[in-house]
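If you want the building blocks of each chain, they are given just below.
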Amino acid sequence: MDRHHDAARLLLSARRDPTQRLHSLPDVMRPQTQAQAYLIQREVAAALGGIGGWKVGSPGPDGPITCAPLPASGVQASPGQVSEASCLDRGVEAEIAVRIARDLPPREAPYSRDEVLAAIGSAHPAIEVLQSRYVDVDAVDPLSALADSLSHFGLVVGPAIPDWQALDLARKGVRLLVDGAEV
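Residues numbered from 1 in each chain as written. Predicted model: local features only at pLDDT ≥ 70, side-chain atom pairs only at ≥ 80, totals over all residues. Heavy atoms only, no water.

### Overview of the overall build of the chain
Operational definition: Note on conventions: DSSP H or I runs of at least 4 residues are helices, E runs of at least 2 residues are strands, and numbering of each starts at the N terminus. In this setup the radius of gyration rests on C-alpha atoms only. A globule is expected at 2.2 Å times the number of residues raised to 0.38. Using a 1.4 Å probe on the protein chains alone, a residue whose accessible area is under 20% of its type maximum counts as buried, one over 50% counts as exposed, and one in between counts as partly exposed.
Within the chain one finds four helices and eight strands. In the chain, the succession of α and β elements from N to C terminus is α-α-β-β-β-β-α-β-α-β-β-β. For a compact globule of 183 residues, the expected C-alpha radius of gyration is about 16 Å, and the chain comes in at 17 Å, within 12% of that figure. Summarising its shape, the C-alpha atoms of the chain cover approximately 50 × 50 × 30 Å along the three principal directions. Across the 183 residues of the chain, 35% fall into the buried class.

### Here we look at the environment of Asp103
Relative to the helices and strands, Asp103 is located in the loop between strand S4 (91–100) and helix H3 (113–119). We classify Asp103 as exposed; its relative accessible area is 70%. With 17 residues separating them along the chain, Asp103 and Ile120 place their C-alpha atoms 9.7 Å apart.

### A look at the packing of aromatic side chains
To keep it simple, the criterion reads: Any pair of Phe, Tyr and Trp rings, taking the six-membered ring for Trp, is counted once the centres come within 6.5 Å. Such a pair is stacked with planes under 30 degrees apart, edge-to-face with planes over 60 apart, and tilted for the rest. Only when the NZ of Lys or the CZ of Arg is both within 6 Å of the ring centre and within 35 degrees of the ring normal is a charge said to sit over the ring.
Taken as a whole and assessed by the stated rule, the structure comprises zero aromatic pairs. The ring of Tyr111 carries Arg107 above its face, with NZ or CZ at 3.7 Å from the centroid.

### Focus: the confidence of the model for the chain
Rules: On a range of 0 to 100, pLDDT expresses the predictor's confidence in each residue.
Per-residue confidence for the chain gives a mean pLDDT of 89, with 96% of residues at or over 70. The secondary structure element of the chain with the lowest average pLDDT is strand S7 (residues 177–178), at 72, and the one with the highest is helix H4 (residues 142–147), at 95.

### Observations regarding unusual backbone geometry
Backbone geometry follows two general trends: most residues other than glycine have a negative phi, and most peptide bonds adopt the trans configuration. Here the residue pair Ser78 and Pro79 is connected by a cis peptide bond, since its omega of 0° sits within 30 degrees of zero. Structurally, Pro79 can be placed in the loop between strand S3 (75–77) and S4. Despite not being glycine, Ser151 shows a phi value in the positive range, around 70°. Position of Ser151 among the secondary structure elements: in the loop between H4 and strand S6 (152–157).

Here it is in structure tokens:
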């Protein structure tokens, strides 16, 4: 048994058929470290056609930073559409996405805020579509949720925001409308 391969296979099955969602990963497949969770994510993304972007975030300003690859097959330009068959228990989040214009290769010292900002080519409004492969994502351990790419399903990216550098993106408010109603 290959823990990462088998866990990825189960998550892929639940992604392709939401009626097959999991209560949890079996104990023998459950990731024990962040590195193991990231291996599972990458195997799922590879099976879905490769990586089209990255979801990076933290639960708060001082919280740990986590990331998840966004399968290229699920990244689309606005206006986007999600098939009805995949809409079981989905959610949406308003996001601000950035396109990186130049590489930030690994190095010993962390990149400064200014270096990261200089690498950004454009900023975009985006809608992340969420759908966990678990019946109740709040009932699974954090590493299993991370292995599931933090419930990511798809991303719809809007047009570039003009003069985004002049905006304080960390404090910029957004309005999210679903079927015409603000949520």
